[in-house]
Amino acid sequence: MLTRPYWDERLMIEENQVPHVLAIGDSWFWFPKNNLLNPIFNVLGGSKCVLAIGNNGAEAVEYAKDYREQIQKSLDAWKGSIEAVLISGGGNDFAGLDDMFRIIRTRCDGFESVDQCFNSGEPGKLFDEVAAGYRTLIQMIFMAVPNASIFIHNYDRAIPTGRGSVGNGNWLKEPMTRAHVDLSLQQGIVNRLLFEFTQRLKAVESESDQIHFVDSARLRYVDDPDDITGKGTLDRTEWGDELHPKPAGFNKIARLRWKPAFAAAGLA
């Protein structure tokens, strides 16, 4: 009897299970205790065996490189049982001191607009690379499991509070603070990153009827980053830190955003 997702393929095999859902992802699938896979398992009715591949900190551009052998091995081993593949990635490609400073200038003193804060060509160049990583991974999936449903997602409207999972985080607010980005621009920078990411995911989704985009941030129909106002799926109290919802927040996203997407694809 299935009781939870698997983050250990060996344990899954020992318990005589085969995966119906392969979840390739970052901390939204791997964060200790509270992550998105637990409520996804529940909204699927506990009837689908979910196997996770990836790690906390995994980047989308790494999936078809550093994780390629592991992913290909699992696709080949379980292609007879896999019905769907979930992909979570992109946040670690822009969050953090190293990645954020690829995107924003190191000195933003006196800047009065979001556009002034970005390095030349950014954040477009970064998200073009992320989208290319998605396309390569999706090609791998379709080569092994041609009939698989693929689910991709953005993140909700993250708030640059500086709060980490344990103490302070260095994902969003800290790099902007070090770059002297005015407080009035910091949420706008995060919004622009989410907007650009969402635009790339929408383009990927349009390339196949088997690809389903789950819009946690509710930006699918936002055509201008300056139009990002209000809240997405979560309110401020439902975030655990800058990047991760609280358990109840993940439950809410799974129930309101993922369950309808699974139902439309005939999985729930």
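Calculation rules
Residues numbered from 1 in each chain as written. Predicted model: local features only at pLDDT ≥ 70, side-chain atom pairs only at ≥ 80, totals over all residues. Heavy atoms only, no water. Helix = DSSP H or I, 4+ residues; strand = E, 2+ residues; numbered from the N terminus. Rg over C-alpha atoms; globule rule 2.2 N^0.38 Å. Buried < 20%, exposed > 50% of the residue type's maximum accessible area, 1.4 Å probe, protein only. Contact = heavy atoms within 4.5 Å. Areas by Shrake-Rupley, 256 points an atom, 1.4 Å probe, with all protein chains shown as cover. Lys, Arg positive; Asp, Glu negative; His and termini not counted. Charge placed at Lys NZ, Arg CZ, Asp CG, Glu CD. Phe/Tyr/Trp six-rings, centres within 6.5 Å; stacked < 30°, edge-to-face > 60°. Pairing = 2+ DSSP bridges.

Looking now at the overall build of the chain. Broken down by element type, the chain carries 11 helices and five strands. A compact globule built from 268 residues would reach a C-alpha radius of gyration of about 18 Å, and the chain, at 18 Å, matches this within 12%. Seen along its three principal axes, the alpha-carbon backbone of the chain occupies a region of about 60 × 35 × 30 Å. In the chain, buried positions account for 56% of the 268 residues. Of the contacts formed within the chain by residues at least 6 apart in sequence, a portion of 75% connects residues at least 24 apart. As displayed, the chain has an accessible area near 11,800 Å², and 48% of this comes from carbon and sulfur atoms. Taking the average location of the 29 positive side-chain charges in the chain and that of its 36 negative ones, the two points are 4 Å from each other.

What follows concerns the packing of aromatic side chains. Under the counting rule described, the total for this entry stands at 10 aromatic pairs. Judged by centre distance (5.1 Å) and plane angle (85°), the ring pair of Trp 28 and Tyr 155 falls under edge-to-face. With a gap of 127 residues between them, Trp 28 in helix H2 (residues 27-30) and Tyr 155 in the loop between strand E4 (149-153) and helix H9 (173-178) connect regions that are remote in the sequence. By the burial criterion, Trp 28 is buried, and Tyr 155 matches it. An aromatic cluster is defined as three or more aromatic residues linked by ring pairs; in this entry it consists of Trp 28, Phe 94, Phe 127, Tyr 134, Tyr 155, Phe 197 and Phe 250.

Below, the discussion takes up the pairing of strand E1 (residues 21-25). Taken across its five residues, E1 has five buried, putting it largely inside the fold. In terms of strand pairing, E1 meets strand E2 (residues 50-54) through five bridges, oriented parallel. Each residue of the ladder has a partner; that of Ile 24, found in E2, is Ile 53. Examined bridge by bridge, E1 and strand E3 (residues 84-88) share five bridges and lie parallel to one another. By the bridge assignment, Ile 24 is partnered in E3 with Ile 87.

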